[in-house]
Amino acid sequence: MDTSFTYETFVRLLGALPLTLQLAAIGISIGAFFAMILALMRVSGYAILDWPARAYVFVFRGTPLLVQIFLIYYGLGQFMLIKKSFLWPFLREPYWCAILALVMNTAAYSSEIFRGGLLSVPHGQVEAARACGMSRLMIFRRITLPLAIRQALPAYSNEMISMIKATSLASTVTIMEITGVAGSIISETFRAIEVFVIAGAIYLAINFVLTRILGAMEYWLSPHLRQPPSAILSSSAA
Amino acid sequence: MYHYSFLEMISFSTGYGKPLLIGVAMTICLAVAGFFIGAFIGIFGAWAKLSGGYIARSVADAYTTVLRAIPELLVIFLFYYGGTAAISALGKFLNVEGTLGFPGFLAGSLAIGICAGAQHTEVFRGAFNAVHKGEIEAALACGMSRFTRFRRIIMPLTLRHALPGLGNVWQIVLKESALVSAVGIIELMRQTQLAAGSTGMPFNFYMLAAAAYLGISTISGFLLQLSERRLSRGVRR
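Residues numbered from 1 in each chain as written. Chains lettered and ligands numbered in written order. Predicted model: local features only at pLDDT ≥ 70, side-chain atom pairs only at ≥ 80, totals over all residues.

Per an unreviewed UniProt entry, chain B goes by the name ABC transporter permease subunit and belongs to Hohaiivirga grylli.

Under an unreviewed UniProt entry, chain A has the name ABC transporter permease and belongs to Hohaiivirga grylli. Here is the UniProt Sequence similarities (unreviewed entry) comment for chain A, exactly as written: "Belongs to the binding-protein-dependent transport system permease family. HisMQ subfamily." (UniProt positions renumbered as here; feature names shortened; annotations may be inferred.)

> Residues and numbers for the overall build of chain B, please.
The number of helices and strands found in chain B is nine helices and zero strands. Each helix and strand of chain B, placed in order from N terminus to C terminus, yields the pattern α-α-α-α-α-α-α-α-α. For chain B, whose C-alpha radius of gyration is 22 Å, the value lies well above the compact-globule estimate of 18 Å for 237 residues. Dimensions of chain B along its principal axes, counting C-alpha atoms only, are 80 × 55 × 30 Å. Of all 237 residues assigned to chain B, the portion counted as buried reaches 40%. At a minimum sequence separation of 6, the contacts of chain B that also span at least 24 residues come to 74%. (Helix = DSSP H or I, 4+ residues; strand = E, 2+ residues; numbered from the N terminus. Rg over C-alpha atoms; globule rule 2.2 N^0.38 Å. Buried ≥ 20, exposed ≤ 12 C-beta atoms within 10 Å, placed from the backbone. Contact = placed C-beta atoms within 7 Å.)

> With reference to specific residues and values, describe the environment of B:G215.
Residue and element names in this part refer to chain B. Note on placement: G215 falls in helix α9 (residues 202-231). When the 12 C-beta atoms within 10 Å are taken as the criterion, G215 is described as exposed. C-alpha of G215 to C-alpha of G143: the two residues are 72 residues apart in sequence and 48 Å apart in space.

> Could you give an account of the domain arrangement of chain B, naming the residues involved and the relevant values?
Residues and elements named next belong to chain B. Segmentation of chain B into domains returns domain 1 (28-185) and domain 2 (186-230). Placing a centre on the C-alpha atoms of domain 1 and another on those of domain 2 gives a separation of 24 Å. The partner domain 2 presents 12 residues to the 14 residues of domain 1 that form the contact. Within the residue set of the side of domain 1 that touches domain 2, elements represented by two or more residues are α2 (17-51) and α7 (146-176). (Domains from an automatic or database assignment.)

> Provide a residue-level description of the nonpolar core, including the pertinent values.
Counting residues in hydrophobic clusters, the biggest one holds 116 residues, and the most contacted among them are A:V67, A:I69, A:A182, B:I76, B:F77 and B:A209. In terms of residues, this core owes the most to one element, helix α7 (residues 94-119) of chain A, which gives 13 residues. Counting contributing residues, this core receives three or more from each of domain 1 (28-185) and domain 2 (186-230) of chain B. Excluding residues within four positions of it along the chain, B:F77 makes contact with A:A182, A:G183, A:I186, A:A192 and A:F196. (Core = buried A, V, L, I, M, F, W, Y, C linked by C-beta atoms within 7 Å.)

> Which residues make up the UniProt feature "domain: ABC transmembrane type-1" (unreviewed entry) in chain A, and what values do they have?
Feature annotation in UniProt places "domain: ABC transmembrane type-1" (unreviewed entry) on residues 17-214 of chain A, given in this structure's numbering. What you have in residues 17-214 of chain A is 83% helix and 0% strand, and the ends, taken at the C-alpha atoms, are 20 Å apart.

> Describe in detail the interface of chain A and chain B, supporting the description with residues and values.
If you look at the interface, chain A gives 32 residues, while chain B gives 28 residues. Taken together, the elements giving at least two residues each to the side of chain A that touches chain B come down to α3 (47-62), α4 (65-75), α9 (136-166), α10 (178-189) and α11 (192-221) of chain A. No other element matches the eight residues that α11(A) contributes to the side of chain A that touches chain B. Each residue belonging to the side of chain A that touches chain B can be placed in one class, and the counts come to 19 nonpolar, 12 polar and one charged. (Nonpolar A, V, L, I, M, F, W, Y, C, P; charged D, E, K, R; others polar.)

> Account for the UniProt feature "transmembrane region" (unreviewed entry) in chain A, naming residues and giving values.
Residues and elements named next belong to chain A. The UniProt record annotates "transmembrane region" (unreviewed entry) at residues 20-43, 55-75 and 192-210. Here residues 20-43 is 100% helix and 0% strand, with 33 Å between the C-alpha atoms at its ends. Along residues 192-210, the helical share is 100% and the strand share 0%, with 27 Å between the first and last C-alpha atoms.

> Give me the confidence of the model for chain A: which residues, what numbers.
In regions of low pLDDT, the predicted coordinates are not meant to be interpreted in detail. Mean pLDDT over chain A: 91, with 97% of residues reaching 70 or higher. Of all secondary-structure elements in chain A, the lowest mean pLDDT belongs to helix α12 (residues 230-237) of chain A, at 66, while helix α2 (residues 17-43) of chain A reaches the highest, 96. (pLDDT = per-residue confidence, 0-100.)

> Give a description of the packing of α10(A) against helix α4 (residues 72-93) of chain B that names residues and reports values.
Viewed as axis vectors pointing N to C, α10(A) and α4(B) meet at an angle of 5°, and their least axial separation amounts to 10 Å. With respect to α4(B), the element α10(A) is oriented roughly parallel. Counting all contacts with α10(A), which are made through A:T179, A:A182, A:G183, A:I186 and A:S187, the residues of α4(B) involved are B:L73, B:L74, B:F77 and B:Y81. Split by residue class, the contact of α10(A) with α4(B) holds six nonpolar, three polar and no charged. (Axes fitted to C-alpha atoms, helices over the stretch in contact; angles between N-to-C directions. Parallel < 35°, antiparallel > 145°, perpendicular 65-115°, else oblique.)

> Can you lay out the UniProt feature "transmembrane region" (unreviewed entry) in chain B for me, pointing to particular residues and giving the numbers?
All names here are of chain B. Residues annotated by UniProt as "transmembrane region" (unreviewed entry) correspond here to residues 20-48, 69-94, 100-118 and 205-227. Here residues 69-94 is 88% helix and 0% strand, with 37 Å between the C-alpha atoms at its ends. In residues 205-227, helix accounts for 100% and strand for 0%; the two terminal C-alpha atoms are 33 Å from one another.

> Now, about α3(A): what can you tell me, with residues and values included?
Counted at 1.5 Å a residue, the expected span for α3(A) with its 16 residues is 22 Å, and the 22 Å between its end C-alpha atoms agrees. Residues A:A53, A:V57, A:F60 and A:G62 constitute the buried set of α3(A). In this structure, the buried residues of α3(A) make contact with α2 and α7 of chain A together with α9 of chain B. (Expected span 1.5 Å × (residues − 1).)

> Any details on helix α5 (residues 104-130) of chain B? Residues and values, ideally.
Over its 27 residues, α5(B) extends 38 Å from the first C-alpha to the last, a length consistent with the 39 Å expected when each residue adds 1.5 Å. The buried fraction of α5(B) is high, at 20 of 27 residues.

> Tell me about the packing of α2(A) against α9(A), and name the residues and values.
Residues and elements named next belong to chain A. Two elements in contact, α2 and α9, have axes whose closest approach is 9 Å; the angle formed by their N-to-C orientations is 135°. Looking at the two axes, α2 sits oblique to α9. For the element pair α2 and α9, the recorded crossing hand is right-handed. Only M160, M163 and I164 of α9 make contact with α2, whose side of the interface consists of A24, G27 and I28. (Left-handed = near helix turned anticlockwise from the far one by under 90°.)

> Give a description of the environment of B:F102 that names residues and reports values.
Residues and elements named next belong to chain B. You can see F102 is positioned in the loop between α4 and α5. Sequence spacing of F102 and R233 is 131 residues, and the spatial spacing of their C-alpha atoms is 45 Å. Other than its neighbours up to four places away in sequence, F102 contacts Y80, G83, T84, I87 and A107.

> Talk me through the environment of A:E188; I want residue IDs and the actual numbers.
Assignment of secondary structure puts A:E188 in helix α10. Spatially, the C-alpha atoms of A:E188 and A:T174 are 16 Å apart, while their sequence positions differ by 14 residues.

This is how it looks when you write it as structure tokens:
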């Protein structure tokens, strides 16, 4: 293996790392917000809120992300109305189009995960909160939401990893994140295997760190599943 | 200048109707090929994880960990460009004149299959673990040979437990197949890009493609539901 080529490629790919992380971070955080709204619409019990959310999730989960990106990036420019609107400076940029597509896509997938979390909150806990005289908003903030997040976290960490992988599709609309740079190096040099190994290692490292952080969060959020410290055990026995 | 309406553009006689329909067929072929390549890998992967030795288990673990962390698009690039490089190296070695191309369909379905294989592995592993130990013991008690046991007891039961998971993998594979358009394989997505580019109506064509994907996934989801019902007809609810 050619060390200077490997090093050069590594440096070039590492230069694209911030963009990948940025796309993922913005996509995940805004996506989570919309996902929560969609999940609340689904569990609200009102058909008028439930059905639009259902249709949205069905459409966005049933079509490839690539179609969604192209529809936004190439498709919206077809309309004079959009071209003349204040949104055009954003929708003209591939960066914002990619983020919009990532947000809308992850909102659909995450809303189902959050819905599962919200539905898993035991009814007795909510009843107990009501018996304590908490208002609806306070019950949601103090009881339902924390329990739902804890329940949804393992599934949501998978969705976050998918989002890291999904940022690679931004390269199809000319954004030079890691996969975009890797693709251009491969088509320049045709040394697919070396570039693939280096780019793959970077993605592997990102996802490794991410899973560790999420694992630590899961541990922190579920003290009730842990063994109590031995000091407590021995003092209660005494 | 005469302006064509969108309906005229997608007509079957003169418009993009026929190429798009061929694209749909190609997408389905790619997804099916990728799905079965993945299933083939998945069976071996699950076997390695469940009853392989230390080396087989480590290889399978490394495979699923790596393939679930790396974007599919990168794997597609590897197979397409790597395959082309390998073929031209082979051509040079065999002294064949001219440039050689790696067949796109093969590269695409292999890339999709290898990505799907990681998910298949986990699905089969989980499904096997869900098979009740007592059923295998009962088969042993009946004096079935290893092969008969596998064919009559383990395989059908594993398949029943695996079916919902396999349905999920199929939906993922179907959507992943759109990515091979990035290396120029003419399936639904690529055909849509071509049509959108030359007609100046990208929105209409991408909407049409989205509807086609939605249609394929809905119909196949319905078929999967039917087969799930059929495979679990012996289960009490």
